[in-house]
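Coordinate analysis (summary)
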Amino acid sequence: MRRLLIDRTVKTKIFIVVAVMLLAGVATGVTGLLKIGALQDEHHRQLDRAVPFISSLQQVATTAKAAAVDERGFLISGDEKFSDEFVKRFALIEENLGAARTTAASPAQAAQVDEIAEGIGAWQEAVAAEFTGYATDKEAATRAALGPNRDLRKAYETELDAALKGAREQLTASTQFNETVDSARFLVVLVLVLGTVWSLLNAVVLTKAVVGPVRTVAGVLTRMAAGDLTGRAPVRSKDELGQMAGALNQAAEAMQTTVRTIDGSSTSLAGAAEELTATSTQIASTAEETSAQAGIVTAAADEVSRNVDTVASG
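Anyway, here's the lowdown on the structure attached to this text. All values reported here derive from a predicted model rather than from experimental measurement.

So, how was this worked out
- Position labels on residues start from 1 in each chain and follow its written sequence.
- In keeping with the model being predicted, local features are shown solely for residues with a pLDDT of at least 70 and side-chain atom pairs are shown and tallied solely at 80 or more, while totals for entire chains, interfaces and linings include all residues.
- Note that water and hydrogens are dropped before the side-chain values are worked out from all heavy atoms of the structure.
- We define a salt bridge as a side-chain nitrogen of Lys or Arg found within 4 Å of a carboxyl oxygen belonging to Asp or Glu.
- Helix and strand assignments follow DSSP, with helices taken as H or I runs no shorter than four residues and strands as E runs no shorter than two, numbered in order from the N terminus.
- Working definition: with a 1.4 Å probe on protein chains only, accessible area under 20% of the residue-type maximum means buried, over 50% means exposed, and in between means partly exposed.
- Residues form patches when they are more than 30% accessible in relative terms and have no salt bridge. Like charges link within 9 Å. Nonpolar side chains (Val, Leu, Ile, Met, Phe, Trp, Tyr) link within 5 Å.
- Under the convention used here, a 1.4 Å probe and the Shrake-Rupley method define accessible areas, while residue burial counts only the protein chains that appear.
- Planes of paired rings set the category: under 30 degrees apart is stacked, over 60 is edge-to-face and the rest tilted, where pairs are Phe, Tyr or Trp rings (Trp by its six-membered ring) whose centres lie within 6.5 Å.
- Helices are assigned an expected span. That span is 1.5 Å times one less than the residue count.
- Polar contact is defined as a pair of N or O atoms within 3.5 Å, subject to the rule that within protein one atom must be able to donate a hydrogen and the other to accept it, and that residues adjacent in sequence are counted only when both atoms are side-chain atoms.
- Put simply, buried Ala, Val, Leu, Ile, Met, Phe, Trp, Tyr and Cys residues joined by side-chain atoms within 4.5 Å make one nonpolar core.
- Contact between two residues is taken to exist if any of their heavy atoms lie within 4.5 Å; hydrogens are not considered.

This model, assessed by the stated rule, comprises six salt bridges. Among the salt bridges present, the one from Arg89 reaches Glu85, with a minimum N-O distance of 3.7 Å. With Arg89 and Glu85 both in helix 3 (residues 80–102) and four residues apart, this pair spans about one turn of that helix. On the basis of relative accessibility, which here comes to 32%, the residue Glu85 falls in the partly exposed class. Notably, a salt bridge pairs Lys154 with Glu157, separated by 4.0 Å at the nearest N-O pair. Taken together, the residues Lys154 and Glu157, both in helix 6 (residues 148–172) and three residues apart, mark about one turn of the helix. According to the relative accessible area criterion, Glu157 is buried, its value standing at 14%. Overlapping salt bridges, with partners in common, bring together Lys65, Arg153, Lys154 and Glu157 in one network.

If you want it as structure tokens, here you go:
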């Protein structure tokens, strides 16, 4: 990532880091939406299976209870319309048992349906024998209805209640649904954590890429302010910071060259001043000597003048 950012402009670097953060957020959101959709699909699949299964078994239970009422009505009145109604109800029971078998969510549920069908079939055969014996021995038919036949009915009702209870529990607390929820939660958290870590790493890289050169340039400027023109900022990139470091190095080099030139000129000027001082001293000595000689000439002239005056007097 550092290689990707090193020669980019500061604007591009910031844009890349922000884009990475946005991508991480978008990835987290998309992952969450997809997994939520998966949860909804899974829940719909469970409803598509569980609701018809439960509905079919409930219809079986209701129809079987109605058949039990028909049994008691026949035993009390001996009216054959009850026995005929009893037989008709088993067509609906078989239909709903078939629907429950088709919509079973697992082999275990299908096995439960088979056990219920077997229990209801046994009770149906026993009641049919009970109806047949009613014509010759009403009391025996009644004892059978209240004894073994009742036990057969309670047996399949127990199996039916257990199947319904299990289906309802599976609908409200499905293991597969919970696994999907856990998977969705894990993936969303994972993507969020990875996106956050990746964004932080990019932020650290960007910070180093920007702050490091700025500190280096600031250090060179501080040395220049203190009078040290030997400091240089390393140029490690081609972005604005690298260009600034290069310009600073050029300015420091030019300033150092100017100072060297001024220093050399100062040395030459000092030498010329010393030569001028020596010349002035020599001129002063010559002037003094000339003044002395002028005094001698003046004295000689005075003497000549006196001699001329003497000659003139003579």
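Still more ground to cover, so stick around.
For the rest of this paragraph, the subject is a nonpolar patch on the surface. A surface patch of nonpolar side chains, amounting to about 440 Å² of accessible area, comprises Val189, Val193, Val197, Trp198 and Leu201. Within the fold, Val193 resides in helix 7 (residues 175–225). You can call Val193 partly exposed: its relative accessible area is 44%.

The tally for this structure, following the rule as stated, stands at seven aromatic pairs. Judged by centre distance (5.4 Å) and plane angle (75°), the rings of Phe86 and Phe131 are edge-to-face. Here the residue Phe86 occupies a position in helix 3, and Phe131 occupies one in helix 4 (residues 107–134), the gap between them amounting to 45 residues. Each member of the pair Phe86 and Phe131 is classed as buried.

For the rest of this paragraph, the subject is helix 3. With 23 residues, helix 3 extends 34 Å from end C-alpha to end C-alpha; this agrees with the ideal 33 Å at 1.5 Å per step. Every buried residue of helix 3 is accounted for by Ser83, Phe86, Phe90, Ile93, Asn96, Leu97 and Ala100. For helix 3, the side-chain oxygen to backbone nitrogen distance between the N-cap and Lys81 is 3.1 Å, and the N-cap itself is Asp79.

Grouped together as the largest cluster of nonpolar side chains are 32 residues, with contacts concentrated most on Leu57 and Trp123. Within the residue set of this core, elements represented by two or more residues are helix 2 (10–77), helix 3, helix 4, helix 5 (138–146) and helix 6. Counting residues per element, this core draws most heavily on helix 2, at ten residues. Residues contacting Trp123, with those up to four places away along its chain left out, are Ala64, Ala67, Ala68, Glu71, Phe86, Phe90, Asn149, Leu152, Arg153 and Tyr156. Counting residues in each nonpolar core, the second largest holds seven residues, with Met224, Ala233, Leu248 and Ala252 among its members.

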